[in-house]
Amino acid sequence: MNNLLSTRPETVSENQIRFLKAHRRHHHLIGLCRLLLIVAFLGLWELAAMKEWIDVFFFSSPSGIVRYLYQMLIDYSFFSNTGITLLETIVSFLLVTCLSLLTATLLWYVNSLAEVLEPYLVVLNSLPKSALAPLLIVWLGTGTNTIIVAGISVAVFGSIINLYTGFCQSDPEMLKLIYTLGGNKRDAFIKVILPSSIPLILSNMKVNIGLSLVGVIIGEFLAARRGLGYLIIYGSQVFQLNMVITSIIILCAIAMAFYKLIQSLEHYYRKKF
């Protein structure tokens, strides 16, 4: 019996080590598959362009994109256009995060206000945001402010609805315990609602960063003289497909970088708490 008790912790430890190794191996395999997939796609695309299976004028090629990206780096247009889009996206994302958190909190505190505003939030969230862009130009003019507001409008209403719904689905037994012990709504929010909703908030942020980027690009299509959205719309008008596809690829890289950053925060939270 004593031998059994003394060997049990060692067995558990070995199982944990085996599980961690298998977990790391799985993630490495997934990463390798992703890399092989993109390499195969780019290789097939370049081969199709070299063999003239596709028209390079319309579909470009990886080598043509690399050459155009190098040209953008040389004339500094990469930094100016990517920088302005990054700035507008970050500002829009931060404002969306703050506005949605504050509004969802207010709706949770004031139930009657939530009952009044909920159908309007649903309607505004369903409204195609590209239809609002011309109005934003008339109201705010062309420039950075219009683009940032366009970025906010795409994400903020859905974010408010998701956060408010998550707040309302918190553990009712924990809330009952807080109120039984003499706590008020503020205590319930700080000690139950907010801590239990952090995974939801982080997940919501992953969605919002992509939506903010989409809104910024919509705004740059209509109200900008620089930025990646402007390069896309200008390149399509003058049939410079290298410019268009290169800008799209840069946008994909930006979206992936933002997603990985928020995902890292989410992993850190799960490990720590």
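Residues numbered from 1 in each chain as written. Predicted model: local features only at pLDDT ≥ 70, side-chain atom pairs only at ≥ 80, totals over all residues. Heavy atoms only, no water.

**Notes on the confidence of the model for the chain**
Applied cut-off: Residue-level confidence of the predictor, termed pLDDT, takes values from 0 up to 100. Under the scheme used here, helices are H or I runs from DSSP no shorter than 4 residues and strands are E runs no shorter than 2 residues, and both carry numbers assigned from the N terminus. Throughout, a residue-residue contact means that at least one pair of heavy atoms, one from each residue, lies within 4.5 Å.
Looking at the chain, the pLDDT average stands at 85 and 95% of residues meet or exceed 70. Averaged pLDDT values for the elements of the chain fall to 76 in helix α1 (residues 2-50) and rise to 93 in helix α4 (residues 77-109). Per-residue pLDDT stays below 50 along residues 1-11; that stretch engages in zero contacts with residues further than four places along the chain or on separate chains.

**Overview of the packing of aromatic side chains**
Cut-off, in case you're wondering: In summary, the pairing rule links any two rings of Phe, Tyr or Trp, Trp by its six-membered ring, whose centres are within 6.5 Å, and it sorts them by plane angle into stacked for under 30 degrees, edge-to-face for over 60 and tilted for everything else. Exposure classes here rest on a 1.4 Å probe applied to the protein chains alone. A residue is buried below 20% of its type maximum, exposed above 50%, and partly exposed in between. Think of it as a cone above the ring: NZ of Lys or CZ of Arg counts as a charge over the ring if it is within 6 Å of the ring centre and within 35 degrees of the ring normal.
In this structure the tally under the stated criterion is 10 aromatic pairs. Ring centres of F41 and W45 lie 5.8 Å apart, and the angle between their planes is 45°; this geometry places the pair in the tilted category. Residue F41 and its partner W45 are located together in helix α1, separated by four residues, close to a single helical turn. Taking 5.7 Å as the distance between ring centres and 45° as the angle between the ring planes, the aromatic pair formed by W108 and F189 counts as tilted. On the criterion of sequence distance, the pair formed by W108 in helix α4 and F189 in helix α9 (residues 185-223) is long-range, its members being 81 residues apart. Exposure class is identical for W108 and F189. Each is buried. Members of the aromatic cluster, joined through ring pairs, are W108, Y109, F167 and F189. Sitting over the ring of W108, K185 keeps its end group 4.8 Å from the ring centre.

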